[in-house]
Amino acid sequence: MKNLKTISFSNQIKSTKEHIWDVLWNPKTYEEWTRVFMEGSHYNGELKQGKVIQFLGKDGGGMSSIIEKMIENEQMVLSHQKEIKNGVETDSLWQGAKEIYYLKKASDTTTELQVIMDITQDMEDYFNKTFPKALAIVKQISEQ
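These remarks concern the structure in this document. (Residues numbered from 1 in each chain as written. Predicted model: local features only at pLDDT ≥ 70, side-chain atom pairs only at ≥ 80, totals over all residues. Heavy atoms only, no water.)

Comments concerning helix H2 (residues 27-34)
- Looking only at H2, the buried set comprises Thr29, Tyr30, Trp33 and Thr34. Take H2 and look down its axis: the buried residues cluster within an arc of 125 degrees, on one side only.
- Buried residues belonging to H2 abut helix H1 (17-25), strand E2 (42-44), strand E3 (52-56), strand E7 (98-105) and helix H3 (124-142).
- For H2, the N-terminal cap is asparagine 26; the gap from its side-chain oxygen to the backbone nitrogen of lysine 28 is 2.9 Å. (Buried < 20%, exposed > 50% of the residue type's maximum accessible area, 1.4 Å probe, protein only. Helix = DSSP H or I, 4+ residues; strand = E, 2+ residues; numbered from the N terminus. Arc of directions from axis to C-beta. Contact = heavy atoms within 4.5 Å. Polar contact = N/O pair within 3.5 Å; in protein donor to acceptor, adjacent residues only side chain to side chain.)

Below, the structure is given as structure tokens:
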């Protein structure tokens, strides 16, 4: 890991942890909220602790990650491993970078979604602009 910085985002959502978890990780809704990062975003692989999962765009590029920890409806910890370019895994500056999703009950009707992630310095502006948009979509879908 070279020169990674940790940033975080959170959002209060009027919905249950279970429903928000489904919005985050159901393949159909995952594609909706992640399109702000890259059109055609999707994942390949099994959402189970210890499994490798690939996060890809429509061009086949993306990231290969290990699901380091998964507590359903509460926490997902991803450890990024390799970059994928033209279907081939290559070493990445992101290797070992974490992306963590927490769901915490904030009140009887509200859940806090917090995302903590390690990023390279050059990506800070990008994520500070796009991640709030992605979380707004998660909130919108979850509160329907």
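With respect to the packing of aromatic side chains
- A full pass over the atoms with the stated rule returns 15 aromatic pairs.
- A ring pair is formed by phenylalanine 37 and phenylalanine 127, whose centres lie 6.1 Å apart and whose planes are at 55 degrees; its orientation type is tilted. Here phenylalanine 127 lies in helix H3 and phenylalanine 37 lies in the loop between H2 and E2, a separation of 90 residues in the sequence.
- For phenylalanine 37, a relative accessible area of 22% puts it in the partly exposed group.
- By relative accessible area, phenylalanine 127 is classed as buried at 10%.
- One Lys or Arg, lysine 104, reaches over the ring of tyrosine 102 and ends 5.4 Å from the middle of that ring. (Phe/Tyr/Trp six-rings, centres within 6.5 Å; stacked < 30°, edge-to-face > 60°. Lys NZ or Arg CZ within 6 Å of the ring centre and 35° of its normal.)

Considering the pattern of salt bridges
- For the coordinates displayed, the defined rule picks out nine salt bridges.
- For lysine 48, the salt bridge is made with glutamate 46, and the minimal N-O distance between the two is 3.0 Å.
- Measuring nitrogen to oxygen at the nearest pair gives 2.6 Å for the salt bridge that ties lysine 82 to aspartate 91.
- On the accessibility criterion, lysine 82 (25% relative accessible area) is partly exposed.
- We classify aspartate 91 as exposed; its relative accessible area is 60%.
- One salt-bridge network, in which partners are shared between bridges, spans Glu46, Lys48 and Lys51. (Salt bridge = Lys/Arg side-chain N within 4 Å of Asp/Glu carboxyl O.)

Focus on the packing of H1 against H3
- Two elements in contact, H1 and H3, have axes separated by 10 Å at closest approach and are oriented at 125 degrees. Between H1 and H3, the interaxial angle falls into the category oblique. For the crossing formed where H1 meets H3, the hand is right-handed. Along its contact with H1, which presents His19, Ile20, Val23 and Leu24, the element H3 presents Val138, Ile141 and Ser142. (Axes fitted to C-alpha atoms, helices over the stretch in contact; angles between N-to-C directions. Parallel < 35°, antiparallel > 145°, perpendicular 65-115°, else oblique. Left-handed = near helix turned anticlockwise from the far one by under 90°.)

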